[in-house]
Amino acid sequence: MLIALKGAPLRRAFFLGLLAGGIYFTGTLYWITRVMALYGGLATPIAMLVNAALIAYLALFPAVFALVVRRLAVAYGRRAFLAVPFVWAATELGRTYIITGFPWVLLGYSQATVLPIAQFASLAGVYGVSMLVTTTSTALAAFATAAPTTATYTRARPLVLTIVLVVGVAAWGSERLATNTLTASGDTIRVGMVQGNVDQGEKMSLQRSTEIFQDYIDKTRQAIAKGAAFVLWPESSTPFIFEEDHDAANRVREVAREAHAAILVGSDQVERGRPNKWFNSAFLVGPDGIVAGVYRKIHLVPFGEYVPLQKLLFFAAPLTEQVGTFSPGTSAELLPVRGHPVSVSICYEVVYPALVRTFVEAGSELLTTITNDAWFGATSAPYQHFEQASMRAIEEGRYMVRSANTGISGIVDPYGRVLARTAINEPAVVVGDVRFVRTTTFYARHGDVLTYGSALLTAALLVAARRRVQ
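Before going into details, it helps to say that this report is about the structure given with it. Given the structure is predicted, the values throughout are model-derived calculations rather than measurements.

In this section: the overall build of the protein chain. A tally of helices and strands in the protein chain yields 14 helices and twelve strands. On C-alpha atoms alone, the protein chain measures out to a radius of gyration of 24 Å, which is about the 23 Å that the 2.2 N^0.38 rule sets for 470 residues. Across the 470 residues that make up the protein chain, the buried fraction comes to 55%. For the protein chain, the accessible area works out to roughly 19,600 Å², and carbon and sulfur atoms hold 62% of it. Taken together, the 40 basic and 32 acidic charged side chains of the protein chain have centroids lying 15 Å from each other.

This part covers helix 7 (residues 152-179). With 28 residues, helix 7 should reach 40 Å at 1.5 Å per residue; the first-to-last C-alpha distance of 40 Å fits that figure. Taken as a whole, helix 7 carries its principal kink of about 35° at P158. Listed as buried for helix 7 are L159, T162, V169, G173, R176 and L177. Looking at the buried positions of helix 7, the neighbouring elements they touch are helix 5 (115-118), helix 6 (121-145) and helix 12 (381-396). The positive-phi residue at the C-terminal boundary of helix 7 is N180, with phi of around 60°.

For the rest of this paragraph, the subject is the layout of surface pockets. One number sums up the size of the second largest pocket: a volume of about 660 Å³. Lining the second largest pocket are 25 residues, with F81, L82, T135, P158 and T162 sitting closest to its centre. Of all the elements in the fold, those that place two or more residues in the lining of the second largest pocket are helix 4 (84-97), helix 6 and helix 7. Ranked by residues supplied to the lining of the second largest pocket, first place goes to helix 7 with eight residues. Along the lines of polarity and charge, the residues of the lining of the second largest pocket split into 15 nonpolar, six polar and four charged.

Our next topic: the pairing of strand 9 (residues 400-404). Within strand 9, five of the five residues are buried, which leaves the element mostly enclosed by the surrounding structure. Here strand 9 shows no split at all, with M400, R402 and A404 on one side and V401 and S403 on the other all buried. Read from strand 8 (residues 366-371) through helix 12 to strand 9, the crossover connection turns out right-handed. Of the pairings in the sheet, the one linking strand 9 to strand 10 (residues 410-412) comprises three bridges and is antiparallel in character. What sits directly across from V401, in strand 10, is I411. In this structure, the hairpin formed by strand 9 and strand 10 is closed by a connection of five residues, where G407 is found at a positive phi of approximately 90°.

Reading the values: the criteria
Residues numbered from 1 in each chain as written. Predicted model: local features only at pLDDT ≥ 70, side-chain atom pairs only at ≥ 80, totals over all residues. Heavy atoms only, no water. Helix = DSSP H or I, 4+ residues; strand = E, 2+ residues; numbered from the N terminus. Rg over C-alpha atoms; globule rule 2.2 N^0.38 Å. Buried < 20%, exposed > 50% of the residue type's maximum accessible area, 1.4 Å probe, protein only. Areas by Shrake-Rupley, 256 points an atom, 1.4 Å probe, with all protein chains shown as cover. Lys, Arg positive; Asp, Glu negative; His and termini not counted. Charge placed at Lys NZ, Arg CZ, Asp CG, Glu CD. Expected span 1.5 Å × (residues − 1). Bend = angle between axes of the 7 residues up to and from the residue. Contact = heavy atoms within 4.5 Å. 1 Å grid on protein atoms, 1.4 Å probe; cavity = no way out; pocket = protein on both sides within 12 Å on 5 of 7 lines; lining within 4 Å. Points joined across faces, edges and corners; volume = space filled by probe spheres on them. Nonpolar A, V, L, I, M, F, W, Y, C, P; charged D, E, K, R; others polar. Right-handed = clockwise from strand over helix to strand, strands pointing away. Pairing = 2+ DSSP bridges.

Rendered as structure tokens:
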């Protein structure tokens, strides 16, 4: 795209960015059509239309990126290449927050499994890793578009400097991985994750509810038998409302008391009134069988738990009828496990770096996330979701424990190393050791200062470019 922008009029630059964004998001979010058609009650053509609208909206961010880059190129010439990583970071930041935000598959996640490079997230977050990837692409584009008459040294200099930068980051990241200090301190606890592998169509079936619940109880006992002192069930795992089905809830309490273990249960929560208010919640049942804390999901899934711009998107009304309209929680509640504060992100919340950082700022020593990825089926989405959760572990310098209904469940250490991992679409019980970590990373302390600085720099360059052209 950067090469294609050379010499393009501003309007063409915008549409080149829109095309690139359309390809980017069609290739990574194709699975949303299936979710809305199969579980949202929409006819397939309508589901395709709604997904196309989402993709078109998200493609606006690469389009704005292309427009801004071309505008800077008109004003500054080839020096505008220096601004490209900052402009990209600014548009990713916008994608995170504008109209509730949808920061799925940011560019930096492409490095989630390239651990020496991914360590950069402990300093600058996933947006910083995106900037590093963009810097590499920009250096290649600058080399490819240099005039043939340009001296070889001058033409190759940006590329050489970028290679030095990437090698330097990789060397530092490798050293950080080898030092491994975050995994050598803090109290240890054995955790268990229950993966029920319950089909979404069966989850609330009256015929299956007793069997599903018994399976979770049995799998919890299996995890405890393997030494787990803290067991996690997935999001909305109970086929009942935890606070209202006392017989079933008491069985969970009984297991916790017998084993003197904590159990985290995903369940809907309702505040009765006119109208009722529904919350997607996580209940922590303590070793004494008493509910020690409840976390209500703060960041809801658009088109999954509510329909944004509902009057405008009237044709998507069946989605609300199928999934209901949930209310967001209002506080980043931490849950006490063996005297240590633990945070839980429910499903999609884990892709919001600032939200997870809020938990760590509040004192969380262990990150957990519970999700129901049965919606996704056998697509790329469960793998995308797991790798995005893994990046939070690196950013915050915390262990991440993940329980997913149909997978991927697992444990990620503070450096992004996957210690345990299940396959998708099969029942499983996973047990492993993690630590409560108190040491914080630079990112946990300072957040997205580089990214917000990138947004300010982009704005300043645009203002200066206007004056320059005039």
